[in-house]
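Structural overview
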Amino acid sequence: FGLWLLLGLSLTFALLIWWLLGRPRSPNSELARALQAREFVPFLQPLVATDDEGIMGAEVLMRWQHPDEGLIRPDLFIPQAEASGLIIPMTTLIMEEVAKELGMQRALVPHGFHISFNISAAHCRDMALLDECRRFLVHFAPGQIVLVLELTERELLVADPQTLSLFSQLDEMGVRLAIDDFGTGHASLLYLQQFHVDYLKIDQSFIRRIGTESLSEHIVDNVIDLGTRLGLSLVAEGVETVEQARYLKGKGVDYLQGYLFGRPIPVRQFRDELQQRAMANAVQVVNG
Ligand code: C2E
Ligand code: MG
Ligand code: MG
Ligand code: MG
């Protein structure tokens, strides 16, 4: 009997070990592990001024540098990160990375350069965001960076007292707000009324159809009209063709962003390109 008991116990034990090792990790613990390992990295995509197409800023887009699966795009992990609340420390991580990498050679960064981060709704109720913005800005000279927070219209943002207080303190610090994916969400006009918004980013689904679908053109025209009347700056995202750029320029859109001007690239590579640009300008100055 003793032998059978021993055998039974060791079998149970072996099964337990097998289950512990073999069960799939939950998505949350996988994200938590990746955060610990600092696998979330910032890519930067240039933002150009419509008039001269000069780079005047960049949007920071998160990527997951996974050890086995390679580079993972945000659509595949941001929803889970938002649901678990991990999006907050993940965003903090990439803010620190960008500050470190660009701050290291801040002489390369033009004065008044815009840097925008995508911020989830949960983060807008977290007072720590104020300090995170402050810590970002100390890496640069006063006024060197225009820090912009992009709030997507797809997520419902509630104007509760905490959020409003946070936004008014951000405003005092000079941090600006952009409404991302404008025209796709639910609370657009309410947002503009309740929050001190500075930029509207016209969603790329409308930009993509410029020249092929008049309904999208009407929507673009109306957003531009609305933004202009409200004194907001307009950004078009997803600009891929010269025709789209020409159309948007003709309508008075202030800034353009899209593959036509540059894809998102790792922050260090972006810094190298700023350096090459600075060198090219210096050569131009020397040559008169
Ligand atoms: P978004 O903020 O609207 O960013 C614009 C997306 O359009 C980016 O996709 C960018 O790579 C892509 N894009 C830019 N130009 C073009 C173009 O000319 N053509 C096309 N087809 N696409 C273009 P990405 O990087 O995959 O990001 C997708 C979304 O994930 C973002 O949309 C944003 O909502 C979210 N996201 C990205 N990074 C973060 C982050 O750090 N935090 C949060 N909360 N969300 C993020
Ligand atoms: Mg964005
Ligand atoms: Mg403001
Ligand atoms: Mg967008």
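Relevant structure appears above.
So, here's what we can say about the structure. (Residues numbered from 1 in each chain as written. Chains lettered and ligands numbered in written order. Predicted model: local features only at pLDDT ≥ 70, side-chain atom pairs only at ≥ 80, totals over all residues. Heavy atoms only, no water.)

1. Here we look at the coordination of the magnesium ion (ligand 4)
For the magnesium ion (ligand 4), the full set of protein donor atoms is Asp180 (OD), Asp181 (OD), Glu237 (OE) and Glu237 (OE), and the range of their distances to it is 2.0 to 2.5 Å. All donors of the magnesium ion (ligand 4) belong to a single chain; written as a sequence motif, their spacing is D-D-x55-E. A separation of 4.4 Å is found between the magnesium ion (ligand 4) and the magnesium ion (ligand 2), which share aspartate 180 as a coordinating residue. In this pair, aspartate 181 is assigned in strand β6 (residues 176-182) and glutamate 237 in the loop between β8 (233-236) and α10 (242-250), connecting sequence segments 56 residues apart. For the residue pair aspartate 181 and glutamate 237, the accessibility class agrees, reading buried in each case. (Donors = N, O, S within 2.8 Å, 3.2 Å for Na, K, Ca; no water. Helix = DSSP H or I, 4+ residues; strand = E, 2+ residues; numbered from the N terminus. Buried < 20%, exposed > 50% of the residue type's maximum accessible area, 1.4 Å probe, protein only.)

2. Observations concerning the pairing of strand β4 (residues 113-119)
Counting buried residues along β4, 6 of its 7 residues qualify, which places the element largely inside the surrounding structure. Judged from the 4 bridges that link them, strand β2 (residues 55-66) and β4 form a sheet pairing that is parallel. In the sheet register, glycine 57 faces β4, and the bridge partner there is histidine 114. The β-α-β motif built from β4, the intervening helix α5 (residues 128-137) and the parallel element strand β5 (residues 145-152) has right-handed crossover chirality. (Pairing = 2+ DSSP bridges. Right-handed = clockwise from strand over helix to strand, strands pointing away.)

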